[in-house]
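A structural walkthrough
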Amino acid sequence: MKLELISFKLCPFAQHAIILLNKLNIEHEVTYINIMDPPQWFKDISPTGQVPLLKADDEIIFESAVISEFINDISDIDAHPTDNVQKAKNRAWIQFISSITGELMPIVTGDEDKFNKAKESLFNKLTRIESVKSDDKFFNGNDFSIIDAAIAPIFMRIAWINEFTNNALSIAEFKNLSAWSENLLAIEETKTSVVEGLDDVYYSNIEGREGHLSTLLVD
Ligand SMILES: N[C@@H](CCC(=O)N[C@@H](CS)C(=O)NCC(=O)O)C(=O)O
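Residues numbered from 1 in each chain as written. Predicted model: local features only at pLDDT ≥ 70, side-chain atom pairs only at ≥ 80, totals over all residues. Heavy atoms only, no water.

Turning our attention to the site of the ligand. Close contacts around the ligand come from Cys11, Phe13, Ile35, Gly49, Gln50, Val51, Pro52, Glu63 and Ser64, and that covers them all. The separation between a nitrogen atom of the ligand and a polar main-chain atom of Val51 is 2.9 Å. Take Glu63: an N or O atom from its side chain is 2.8 Å from a nitrogen atom of the ligand. Against a free-state accessible area of 510 Å², the protein chains account for coverage of 70% of the ligand. Here the residues of the shell around the ligand sort into 5 nonpolar, 3 polar and 1 charged. (Near = heavy atom within 4 Å. Polar contact = N/O pair within 3.5 Å; in protein donor to acceptor, adjacent residues only side chain to side chain. Areas by Shrake-Rupley, 256 points an atom, 1.4 Å probe, with all protein chains shown as cover. Nonpolar A, V, L, I, M, F, W, Y, C, P; charged D, E, K, R; others polar.)

On to helix α4 (residues 84–101), then. Taking 1.5 Å of rise per residue, the 18 residues of α4 would be expected to cover 26 Å, and the 26 Å separating its terminal C-alpha atoms lies within 8% of that figure. Restricting attention to buried positions, one finds in α4 the residues Lys87, Asn90, Trp93, Ile94, Phe96, Ile97, Ile100 and Thr101. The secondary structure elements touched by the buried residues of α4 are α1 (12–23), α3 (64–74), α5 (104–109), α6 (112–132) and α7 (146–164). (Helix = DSSP H or I, 4+ residues; strand = E, 2+ residues; numbered from the N terminus. Expected span 1.5 Å × (residues − 1). Buried < 20%, exposed > 50% of the residue type's maximum accessible area, 1.4 Å probe, protein only. Contact = heavy atoms within 4.5 Å.)

Attention now goes to the sheet that holds strand β2 (residues 29–32). Sheet architecture is open: 4 strands sit in the order β2-β1-β3-β4, paired in mixed fashion. Edge positions in the sheet fall to β2 and β4 (59–62), since each has one partner strand and no second. Across this sheet, the average inter-strand angle for adjacent strands is 25°, counted without regard to direction. In this structure, strand β1 (residues 3–7) lies alongside β2, joined through 4 bridges in parallel fashion. Directly across from Ile6, in β2, lies its bridge partner Thr31. Of the strands in this sheet, β1 and β2 are in contact with α1, which crosses β1 at around 150°. Sitting on the sheet, α3 touches β1, β3 (53–56) and β4, and the angle it makes with β4 is about 120°. (Pairing = 2+ DSSP bridges. Axes fitted to C-alpha atoms, helices over the stretch in contact; angles between N-to-C directions.)

Further remarks concern the side chain of Asn72. With respect to the helices and strands, the residue Asn72 is situated in helix α3. Not counting residues up to four positions away in its chain, the partners in contact with Asn72 are Leu20, Leu24, Ile77, Asp78, Ala79, His80 and Ile146.

The subject of this paragraph is the domain arrangement of the protein chain. Each assigned domain of the protein chain is listed here: domain 1 (3–74) and domain 2 (84–216). Here the C-alpha centre of domain 2 lies 20 Å away from the C-alpha centre of domain 1. Each side of the interface is counted separately: domain 1 has 17 residues, and domain 2 has 22 residues. Contact between domain 1 and domain 2 buries roughly 1800 Å² in total, counting both sides, with carbon and sulfur atoms accounting for 69%. Contact with domain 2 buries area across many residues of domain 1, yet Leu10, Gln15 and Ile19 alone supply 34% of it, more than any other trio. Taken together, the links from domain 1 to domain 2 amount to 2 salt bridges. Two residues, Glu69 and Arg91, come together in a salt bridge whose shortest N-O distance is 3.0 Å. Taken together, domain 1 and domain 2 are joined by 6 residue pairs in polar contact (both at pLDDT 80 or more). (Domains from an automatic or database assignment. Buried area = accessible area lost by both parts, 1.4 Å probe. Salt bridge = Lys/Arg side-chain N within 4 Å of Asp/Glu carboxyl O.)

Now the structure itself:
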């Protein structure tokens, strides 16, 4: 089956799918578009107007969580826990993580009030995940699972923001999440899931949005 992921370089949802494709060693191509000015061919095939989209031969699969389930279904390796209860819990947390990804936008673009509200909401959600995360390397122990691919793009952006500011989003208070973040950001599949220099693009994006976060940037 020929797989082509339609992505946008800064999209954390698309990055989730790319990390899993990398981890499961599934041959694929990535085509990047500018989601702010999408080409007509994308508009013609996209059911929702959003990336990521996975073209599997002539079929279109959309929604990052569904794309990652599909990737897992066609893989020889199962990247979900085998126990059905654990698998259901993982899926529920993946859905929750998807809502965290949505908090990143107002953190980057919002004025001080919006930034503070989004940060509070982000940290409330991280507190909930910390309460169920063990000190294991990944979410389900030593083996990488789909849920790890879902949260890694969030950790990458939090780490960039902390690097670019005086730790504006420090997660040091969350011991297990901090270690999980370090473990995920250290693996090759995460590192190669973004184009080179994307951290600089992210910095410029923060600057260009002129939100509260841009006033916290340090050189
Ligand atoms: N629920 C979707 C969210 C995807 C999403 O928000 N994608 C953004 C880019 S990161 C997008 O395409 N935005 C354009 C739009 O909403 O029109 C998923 O998980 O795939």
